[in-house]
Amino acid sequence: MARSLSLWLYLLLADRGPDRVSVARPPRPDGALLWVHAGADCPAETLGRITGALSAARPDLTILVTGATLPEGALDDHLLSDKAPPDRMASVRGFLDHWKPQMGLFIGTALPPALISVAHDRGVALVLADLSVTADEIPVLRRGLVGSVMARFQRILARDPRPDEVELAQ
């Protein structure tokens, strides 16, 4: 998949810095791991409902929840949590080397380009859910970057910006 010039430049700048970043993380359990990344705009109730439904549907699945800040009480005791890595290549590589997720579910509008690009390049299946951003909200200078990052997702589930105008089929 071709990268936009803006994504290429972003990743080049994100690769500057220390080669090794050591962060203490809980051990990774054996088996399949679903990684749920909650953006800052992800309500705790939404996060709880999604992870609860996923846990009920697949009790054998380990679910790791990350976010810049996870809301207090948003997670059940059986879920793993970790702080999202800074969007720097060394930090992203360390995070993915440790957790080795099979799938990543991003909830909200937080789209860290380095994290998404490296996960995609490593074969992590990526899904973006609860997206509620319009083209008007993306600055012109970032549209190529955002479009290139969004192209890394296998599925994008967006909210209708006009829910009151939706008619239900009978």
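Everything numeric in this text was worked out from a predicted model, so none of it was measured.

How each quantity is defined
- Residues numbered from 1 in each chain as written.
- Predicted model: local features only at pLDDT ≥ 70, side-chain atom pairs only at ≥ 80, totals over all residues.
- Heavy atoms only, no water.
- Phe/Tyr/Trp six-rings, centres within 6.5 Å; stacked < 30°, edge-to-face > 60°.
- Helix = DSSP H or I, 4+ residues; strand = E, 2+ residues; numbered from the N terminus.
- Buried < 20%, exposed > 50% of the residue type's maximum accessible area, 1.4 Å probe, protein only.
- Pairing = 2+ DSSP bridges.
- Right-handed = clockwise from strand over helix to strand, strands pointing away.
- Salt bridge = Lys/Arg side-chain N within 4 Å of Asp/Glu carboxyl O.
- Contact = heavy atoms within 4.5 Å.
- Axes fitted to C-alpha atoms, helices over the stretch in contact; angles between N-to-C directions.
- Parallel < 35°, antiparallel > 145°, perpendicular 65-115°, else oblique.
- Nonpolar A, V, L, I, M, F, W, Y, C, P; charged D, E, K, R; others polar.

**Student:** Any chance you could explain the packing of aromatic side chains here in plain terms?
**Tutor:** The relative placement of two aromatic rings is captured by the distance of their centres and the angle of their planes. Following the criterion strictly, the structure yields three aromatic pairs and no others. With a centroid separation of 5.3 Å and 55 degrees between ring planes, the pair formed by tryptophan 35 and phenylalanine 95 is classed as tilted. In this pair, tryptophan 35 sits in strand S1 (residues 33-38) while phenylalanine 95 sits in helix H3 (residues 89-99), placing the two residues 60 residues apart along the sequence. The residues tryptophan 35 and phenylalanine 95 share a single accessibility class, namely buried. A ring pair is formed by tryptophan 35 and phenylalanine 106, whose centres lie 5.2 Å apart and whose planes are at 65 degrees; its orientation type is edge-to-face. Separated by 71 residues along the polypeptide, tryptophan 35 in strand S1 and phenylalanine 106 in strand S4 (residues 103-107) bring together distant segments of the chain. Residue classification places tryptophan 35 among the buried residues on the basis of a relative accessible area of 0%. Owing to a relative accessible area of 1%, phenylalanine 106 belongs among the buried residues under this scheme. Pairwise contacts between aromatic rings join Trp35, Phe95, Phe106 and Phe153 into one cluster.

**Student:** Would you take a moment to explain the pairing of strand S2 (residues 62-67) for this structure?
**Tutor:** Every other side chain in a regular strand lies on the same face of the sheet, so the side chains alternate between the two faces. Taken across its six residues, S2 has six buried, putting it largely inside the fold. Of the two faces of S2, the one lined by Thr62, Leu64 and Thr66 and the one lined by Ile63, Val65 and Gly67 are each fully buried. Bridging between S1 and S2 involves six bridges; their strand directions are parallel. Following the sheet pairing, alanine 38 is matched in S2 by glycine 67. For the crossover that starts at S1, traverses helix H2 (residues 44-57) and ends in the parallel S2, the hand is right-handed. Relative to strand S3 (residues 80-83), S2 runs parallel, the two sharing four bridges. What sits directly across from glycine 67, in S3, is lysine 83.

**Student:** Can you walk me through the pattern of salt bridges in this structure?
**Tutor:** Any two side chains of opposite charge can pair if their charged atoms end up close together. Evaluation of the coordinates by the stated rule reveals five salt bridges. Notably, a salt bridge pairs aspartate 15 with arginine 93, separated by 3.4 Å at the nearest N-O pair. Linking aspartate 15 in the loop between helix H1 (5-14) and S1 with arginine 93 in helix H3, this pair joins segments that are 78 residues apart in sequence. For aspartate 15, a relative accessible area of 42% gives the class partly exposed.

**Student:** Sorry if this is basic, but what is going on with unusual backbone geometry here?
**Tutor:** Phi is mostly negative for residues that are not glycine, and the peptide bonds are mostly trans. Of note in the backbone geometry, lysine 100 takes a positive phi value of approximately 45 degrees without being a glycine. Relative to the assigned elements, lysine 100 resides in the loop between H3 and S4.

**Student:** Even after reading the chapter, I still don't get H3, so can you show me in this structure?
**Tutor:** Each α-helix turn comprises 3.6 residues. Residues three or four places apart therefore point the same way. Along H3, the residues classified as buried are Met89, Ala90, Ser91, Val92, Phe95, Leu96 and Trp99. Buried residues along H3 sit in contact with H1, S1, S2, S3 and helix H4 (113-121). Of the residues trailing H3, lysine 100 is marked for its positive phi of about 45 degrees.

**Student:** Where do I start with the packing of H1 against H4 in this structure?
**Tutor:** To characterise two packed helices, one gives the angle between the axes of the helices and the distance between these axes. In contact at an axis separation of 10 Å, H1 and H4 are set at 100 degrees when each is read in the N-to-C sense. Taken as axis vectors, H1 and H4 run roughly perpendicular relative to one another. For the pair H1 and H4, contact is made by Leu7, Tyr10, Leu11 and Ala14 and by Pro113, Ala114 and Ser117, respectively. Of the residues assigned to the contact of H1 with H4, the class counts are six nonpolar, one polar and no charged.

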